[in-house]
Amino acid sequence: TTQQNHYPAHLGIVEQGKIHCLKGEYQKALYHFREGIRLAVTAKSPDIFFLHYTQCVMECLELAGHHVEVLQYCSRMEDFLQLHPNPETEDLLLQVWERKGIQHHLLGDRSAALELFRKVTAGGSSKQHPIAWEMHGWLTRNYTVSKEKLNALQAKHFYFTIRKDSINEDRATPLPAILPNL
């Protein structure tokens, strides 16, 4: 028996999606993430899988530059968190608002970004959400925050969970390339 067999199938599929994401193969990554979500929901797996896999979709879309789609996922995540409250819901909601603020910033909507960063700083500590705190401070002082500066801030605080050091390649399970161009 391989180690992989001790884990739900959706876990390996999502790991493969992360590998594709890091290679810049965003369509392949999204295919794996969405299939992982479908399988996790069908299997009635704990919500943590759905939440993590949805975060992977949002990260992949953000890296691909699809900021409007990320905002749509954030709205769905907000709805989900309100319908499924748990002890982590409040912090997860702050994370969603931080991600939304970043997307608005990247889309050039400074006022929407600033309002979301205000909500995060009002509800969370600077240790939990350092990006929102720094962005709030910079935008409040009318600093220009370039994409490069934001990328450096995100890297510094491990904003993205899809990183080389967080992937278990032995667990990765590729899906057949049934979609065109995969």
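Please refer to the structure higher up on the page.
Residues numbered from 1 in each chain as written. Predicted model: local features only at pLDDT ≥ 70, side-chain atom pairs only at ≥ 80, totals over all residues. Heavy atoms only, no water.

J.: Describe the state of the cysteines, with residues and values.
T.: Per the counting criterion, the structure on display carries zero disulfides. Note on cysteine 21: no disulfide assigned, nearest cysteine sulfur contributed by cysteine 60 at a separation of 3.9 Å. Assessed through its relative accessible area of 0%, cysteine 60 is described here as buried. (Disulfide = S-S within 2.5 Å. Buried < 20%, exposed > 50% of the residue type's maximum accessible area, 1.4 Å probe, protein only.)

J.: Give a detailed account of the nonpolar core, specifying residues and quantitative values.
T.: The biggest cluster of nonpolar side chains holds 42 residues, and the ones touching the most others in it are Phe33, Val57, Leu81, Phe117, Met135 and Leu139. Of all the elements in the fold, those that place two or more residues in this core are α1 (9-22), α2 (26-42), α3 (47-63), α4 (67-83), α5 (89-106), α6 (110-123), α7 (130-140) and α8 (147-156). Ranked by residue count, the leading element in this core is α3, at seven residues. Ignoring sequence-local partners within four residues, the contact set of leucine 81 consists of Leu51, Thr89, Leu92, Leu93 and Val96. (Core = buried A, V, L, I, M, F, W, Y, C linked by side-chain atoms within 4.5 Å. Helix = DSSP H or I, 4+ residues; strand = E, 2+ residues; numbered from the N terminus. Contact = heavy atoms within 4.5 Å.)

J.: With reference to specific residues and values, describe the pattern of salt bridges.
T.: One pass over the full model with this rule turns up nine salt bridges. Ionic pairing is found between glutamate 169 and lysine 164, a salt bridge with its closest N-O pair at 2.9 Å. (Salt bridge = Lys/Arg side-chain N within 4 Å of Asp/Glu carboxyl O.)

J.: Could you give me a rundown of the packing of α4 against α5, with the residues and numbers involved?
T.: One way to put it is that α4 packs onto α5 with a least axis distance of 9 Å and a crossing angle of 160°. Judged by the angle between their axes, α4 and α5 are roughly antiparallel. Crossing handedness for the pair α4 and α5: left-handed. Residues His67, Val70, Leu71, Cys74, Ser75, Met77, Glu78 and Leu81 of α4 form the contact with α5, whose participating residues are Thr89, Leu92, Leu93, Val96, Trp97, Arg99, Lys100, Gln103, His104 and Leu106. Of the residues that constitute the contact of α4 with α5, the class distribution is 10 nonpolar, five polar and three charged. (Axes fitted to C-alpha atoms, helices over the stretch in contact; angles between N-to-C directions. Parallel < 35°, antiparallel > 145°, perpendicular 65-115°, else oblique. Left-handed = near helix turned anticlockwise from the far one by under 90°. Nonpolar A, V, L, I, M, F, W, Y, C, P; charged D, E, K, R; others polar.)

J.: Pulling in residues and values, what's your account of α5?
T.: Helix length check: α5, at 18 residues, gives a terminal C-alpha distance of 26 Å against a target of 26 Å (1.5 Å per residue), a fit within 8%. Within α5, 13 of the 18 residues are buried, which leaves it mostly tucked inside the rest of the structure. Glycine 108, located one to two residues past α5, shows a positive phi value of around 90°. (Expected span 1.5 Å × (residues − 1).)

J.: Give me the lowdown on the side chain of glutamine 16, citing residues and values where you can.
T.: Tracing the chain through its elements places glutamine 16 in helix α1. When near neighbours in sequence (up to four residues on either side) are disregarded, glutamine 16 contacts His32, Ala172, Thr173 and Pro174.

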